[in-house]
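Spelled out from the first residue to the last, the chains are:
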Amino acid sequence: MVEELVTAGAALASVGVVYVAAAARVVKQYERGVVFRLGRLRPEVRGPGLTMIVPLVDRLRRVNLQIVTMPVPAQEGITRDNVTVRVDAVVYFKVTSPAEAIVRVEDYRFAVLQMAQTSLRSIIGKSELDDLLSSREKLNQGLELMIDSPAVEWGVTIDRVEIKDVSLPETMKRSMARQAEADRERRARVINADAELQASRKLAEAAQQMAATPAALQLRLLQTVVAVAAEKNSTLVLPFPVELLRFLERAQQPVAATPEQQVPAPPPPSALTGEQSVQEQLPAAAIDLESEPEGSNSRQD
């Protein structure tokens, strides 16, 4: 009798161990358990830790509540200004309602991925190329709203969406490079012109100051000579002021003579040119020609 009781107790314990092993489930801290009893959803959601279910009757499905990072494949589209681009993005989302994520959609990960691709194509078609390159924050917010609207019904919340890269055709890259180079050159020319204007104004002020004090011009000349000599060049360029030339010219002019003394001196014979001698002989020849007719008439008489 005792042996039978021991055998029955051992069998009952074995059955209990098997039952506990079949019914016990462990849910991790970042997971939640959704129980289906005979295909019907149980209202309570099992929390982290050890939980028990009815073997062969209940079925436990674990749902991860961590933020999921899902890359969106590059989507090719045409922008509003007719430029073909390829854009890829990253979606960050998490499950907020485990029961709805399991019941309302077959695979919430695949559903979020497809919605992200569709929304990304829509954003590309509605935006211009400059917006894709410069206003990414605004596009990220719009893309997040487009994905989050249907995802809320699936028990999924979109945390954020980031556009990773925008690939452009090579011809468009070269055109943008030329545009940027032209803009840089335009700004450089404007800066140079502004610098020339400021320098001309300062030089005009300096010229006015030097005109008031002529000695300043001489000091400036000496400073230039010192600066050139410091270069240790073999050739020294020495600027000569025009004012000094004028001073020397005035110094070389003779003193003005009185009217009585202003008698032109006859030029020396050696100084006469051939043209002057011919001009002096022309009047005498003309006199001889005029006197010859009278002589001829007298001879005929």
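See above for the structure.
Residues numbered from 1 in each chain as written. Predicted model: local features only at pLDDT ≥ 70, side-chain atom pairs only at ≥ 80, totals over all residues. Heavy atoms only, no water.

Student: Provide a residue-level description of the overall build of the protein, including the pertinent values.
Tutor: When its secondary structure is counted, the protein shows nine helices and eight strands. Across the 301 residues of the protein, 20% fall into the buried class. In the structure as shown, the protein presents an accessible area of about 22,300 Å², 57% of it carried by carbon and sulfur atoms. (Helix = DSSP H or I, 4+ residues; strand = E, 2+ residues; numbered from the N terminus. Buried < 20%, exposed > 50% of the residue type's maximum accessible area, 1.4 Å probe, protein only. Areas by Shrake-Rupley, 256 points an atom, 1.4 Å probe, with all protein chains shown as cover.)

Student: So, unusual backbone geometry: which residues are in play, and what are the values?
Tutor: Its identity is not glycine, yet Leu 38 carries a phi of approximately 55 degrees, on the positive side. With respect to the secondary-structure elements, Leu 38 resides in the loop between β2 (31-37) and β3 (40-46). You will see that Leu 56, though not glycine, has its phi angle at about 65 degrees, which is positive. Tracing the backbone shows Leu 56 in the loop between β4 (49-52) and β5 (58-64).

Student: Account for the environment of Gln 141, naming residues and giving values.
Tutor: Along the chain, Gln 141 falls in helix α5 (residues 136-151). Counting along the chain gives 21 residues from Gln 141 to Glu 162, while the straight-line C-alpha distance between them is 8.8 Å.

Student: Which residues make up the sheet that holds β3, and what values do they have?
Tutor: Overall, antiparallel pairing links the three strands, which are arranged β3-β2-β5 in an open sheet. In this open sheet, the two edge strands, each paired with only one partner strand, are β3 and β5. Averaged over all pairs of adjacent strands, the angle between their axes in this sheet comes to 25 degrees, without regard to strand direction. Here seven bridges tie β2 to β5, and the two strands are oriented antiparallel to one another. Following the sheet pairing, Phe 36 is matched in β5 by Arg 59. (Pairing = 2+ DSSP bridges. Axes fitted to C-alpha atoms, helices over the stretch in contact; angles between N-to-C directions.)

Student: So what's going on with the side chain of Ser 119? Residues and values would help.
Tutor: The topology assignment puts Ser 119 in helix α3 (residues 108-126). Once you skip the residues sitting within four places of it in the chain, Ser 119 turns out to touch Leu 143, Met 146 and Ile 147. (Contact = heavy atoms within 4.5 Å.)

Student: How would you summarise the sheet that holds strand β7 (residues 84-95) if you had to cite specific residues and measurements?
Tutor: Spatially, the three strands line up as an open sheet ordered β6-β7-β8, and their pairing is antiparallel. Looking at strand neighbours, the two that pair on one side only are β6 (68-78) and β8 (156-167), the edges of this open sheet. Neighbour-to-neighbour, the strand axes of the sheet open up by a mean angle of 25 degrees, direction not taken into account. Bridge count between β7 and β8: 10 bridges; the pairing is antiparallel. Among the inter-strand pairings, Arg 86 is bridged to a residue of β8, identified as Ser 167. Each of β6, β7 and β8 touches α3; the most contacted strand, β6, lies at about 35 degrees to it. Lying over the sheet, α5 contacts β7 and β8, oriented at roughly 140 degrees with respect to β8.

Student: Residues and numbers for the packing of helix α6 (residues 170-212) against helix α7 (residues 214-229), please.
Tutor: Their axes nearest at 4 Å, the elements α6 and α7 cross at an angle of 115 degrees. Seen from α6, the contacting residues are Met 210, Ala 211 and Ala 212; seen from α7, they are Pro 214, Ala 216, Leu 217 and Arg 220. A breakdown of the residues in the contact of α6 with α7 according to their chemical character gives six nonpolar, no polar and one charged. (Nonpolar A, V, L, I, M, F, W, Y, C, P; charged D, E, K, R; others polar.)

Student: Quick one: what's the story with the pairing of β6, residue by residue and with numbers?
Tutor: Pairing geometry for β6 and β7, over nine bridges, is antiparallel. Counterpart to Glu 76 in the pairing with β7 is Arg 86. Counting the residues in the hairpin turn of β6 and β7 gives five residues, including Asn 82, whose phi is positive at 60 degrees.

Student: With reference to specific residues and values, describe α3.
Tutor: For α3, which comprises 19 residues, the first-to-last C-alpha distance of 27 Å matches the rise-based estimate of 27 Å (1.5 Å per residue) to within 8%. Three or more residues of α3 are buried, namely Tyr 108, Ala 111, Val 112, Leu 113, Ala 116, Gln 117, Ser 119, Leu 120, Ile 123 and Ile 124. For α3, the secondary structure elements touched by its buried residues are β5, β6, β7, α2 (98-103), α5 and β8. (Expected span 1.5 Å × (residues − 1).)

Student: A description of the pattern of salt bridges should follow, citing residues and the corresponding values.
Tutor: Per the counting criterion, the structure on display carries eight salt bridges. For Asp 58, the salt bridge is made with Arg 37, and the minimal N-O distance between the two is 2.6 Å. Taken as a pair, Asp 58 in strand β5 and Arg 37 in strand β2 lie far apart in primary sequence, 21 residues in all. The exposure class assigned to Asp 58 is buried, which follows from its relative accessible area of 8%. (Salt bridge = Lys/Arg side-chain N within 4 Å of Asp/Glu carboxyl O.)

Student: Explain a nonpolar patch on the surface to me, and be specific about the residues and the numbers.
Tutor: Taken together, the side chains of Tyr 19, Val 20, Val 26, Leu 50 and Met 52 present a nonpolar region at the surface, about 500 Å² in accessible area. In this structure, Leu 50 sits in strand β4. (Patch = residues over 30% accessible without salt bridge, like charges linked within 9 Å, V, L, I, M, F, W, Y side chains within 5 Å.)

Student: Describe the nonpolar core, and please don't skip the residues or the numbers.
Tutor: Soluble, globular proteins show a tendency: their nonpolar side chains are buried together. Of all hydrophobic cores here, the largest spans 37 residues; its most connected members are Val 85, Val 91, Phe 93, Tyr 108, Val 156 and Ile 158. For this core, the secondary-structure elements that each account for two or more residues are β2, β6, β7, α2, α3, α4 (129-134), α5 and β8. Here this core takes eight residues from α3, the largest share from any one element. Dropping the residues within four chain positions of it, Val 156 is found in contact with Phe 93, Lys 94, Val 95, Thr 96, Tyr 108, Val 112, Asp 148 and Ala 151. (Core = buried A, V, L, I, M, F, W, Y, C linked by side-chain atoms within 4.5 Å.)

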